[in-house]
Amino acid sequence: QQPVQSPQAVILREGEDAVINCSSSKALYSVHWYRQKHGEAPIFLMILLKGGEQKGHDKISASFNEKKQQSSLYLTASQLSYSGTYFCGTEPSSSNTGKLIFGQGTTLQVKP
Amino acid sequence: NAGVTQTPKFQVLKTGQSMTLQCAQDMNHEYMSWYRQDPGMGLRLIHYSVGAGITDQGEVPNGYNVSRSTTEDFPLRLLSAAPSQTSVYFCASSYLGHDQPQHFGDGTRLSIL
């Protein structure tokens, strides 16, 4: 039931791009993306809704393929501050409560 | 505006002891939830609530109880702590709706010996 994220970990140099994928076996209503720094709480990045548009701010954007129940997070021209663990949270279509089931996380390390 | 407040921040228990982790929010959010975070496992949903008096189980509810008597508070109870419950626990809250971001507390780091 937990969505599957890939890759599990990625190491980048500053300025390089990365893509993190999130795949669910269930039909989804929405996908949320969060970033967590070591020892801190997860911080909200963006939400993608079924039938909605691709979202983005600054150099981070995301898409949601409803047919495949997959979402991808795109980090462009990565900065040191992008380092952390990224989680997707999925809301099944069968849910009317907004409860989220999170993936196992993708650890991103950006080096100078 | 404090957001989501969790207490305590750290706790060490002995096997078999009971404990309540506190979570309070001051944003008038209807939805509240508890997650546990273990290395390589991500955030796993324990219990959640969509309003006062309404709770439901998540992915890993065994060994945990919850209640919600007010909109603001959502305590998590461990009735008889086990070493497998050693983890970092996060409380989160949001408005109801498919497009509402969840706000997380700073977490409680719990060790059970």
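Residues numbered from 1 in each chain as written. Chains lettered and ligands numbered in written order. Predicted model: local features only at pLDDT ≥ 70, side-chain atom pairs only at ≥ 80, totals over all residues. Heavy atoms only, no water.

A. Region of interest: the nonpolar core. If you look at the biggest cluster of nonpolar residues, it comprises 20 residues, and the most contacted ones within it are W33, M46, L73, L75, Y82, Y86 and L108 of chain A. Membership of the second largest hydrophobic core comes to 19 residues, among which are L21, L78, C91 and I112 of chain B. (Core = buried A, V, L, I, M, F, W, Y, C linked by side-chain atoms within 4.5 Å. Buried < 20%, exposed > 50% of the residue type's maximum accessible area, 1.4 Å probe, protein only.)

B. Examining the sheet that holds strand β1 (residues 4-7) of chain B more closely. Residues and elements named next belong to chain B. Strand order in the open sheet formed by four strands is β1-β3-β8-β7, with antiparallel pairing between adjacent strands. Every other strand in the sheet has two partners, leaving β1 and β7 (64-66) as the edge strands with one partner each. For this sheet, the mean inter-axis angle between neighbouring strands, taken without regard to orientation, is 20°. When β1 meets strand β3 (residues 19-25), the two strands line up antiparallel, connected through four bridges. Within β3, the position partnered with V4 by the bridge is Q25. (Pairing = 2+ DSSP bridges. Helix = DSSP H or I, 4+ residues; strand = E, 2+ residues; numbered from the N terminus. Axes fitted to C-alpha atoms, helices over the stretch in contact; angles between N-to-C directions.)

C. The interface of chain B and chain A, seen in detail. At the junction of the two partners, chain B supplies 25 residues and chain A supplies 25 residues. Counting each side, the surface lost to burial between chain B and chain A is near 1,900 Å², with a carbon and sulfur contribution of 61%. Connecting chain B to chain A are zero salt bridges. In this assembly, chain B and chain A are joined by six residue pairs in polar contact (both at pLDDT 80 or more). Within the residue set of the side of chain B that touches chain A, elements represented by two or more residues are β4 (31-38) and β5 (42-51) of chain B. With six residues, the single largest contributor to the side of chain B that touches chain A is β5 of chain B. (Contact = heavy atoms within 4.5 Å. Buried area = accessible area lost by both parts, 1.4 Å probe. Salt bridge = Lys/Arg side-chain N within 4 Å of Asp/Glu carboxyl O. Polar contact = N/O pair within 3.5 Å; in protein donor to acceptor, adjacent residues only side chain to side chain.)

D. Focus on the pattern of salt bridges. Residue and element names in this part refer to chain B. The tally for this structure, following the rule as stated, stands at two salt bridges over all chains. Across the salt bridge formed by D38 and R36, the nearest N and O atoms sit 2.9 Å from each other. Looking at D38, the relative accessible area reads 12%, which means it is buried. A residue is classified by how much of its surface remains accessible, and R36, at 8% relative accessible area, is buried. The salt bridge partner of D38 is R44, with a shortest N-O separation of 2.8 Å. Look at the salt bridges and you will find they share partners, linking R36, D38 and R44 into a network.

E. Focus on the environment of H47 of chain B. All names here are of chain B. By the element assignment, H47 lies in strand β5. For the pair H47 and Y35, spaced twelve residues apart in sequence, the C-alpha separation works out to 7.6 Å. Sequence-distant contacts of H47, defined by excluding residues within four places in its chain, comprise S33, W34, D56, Q57, G58, P61, Y64, N65, V66, F74 and L76. There is a polar contact of 3.1 Å between the side chain of H47 and the backbone oxygen of Y64.

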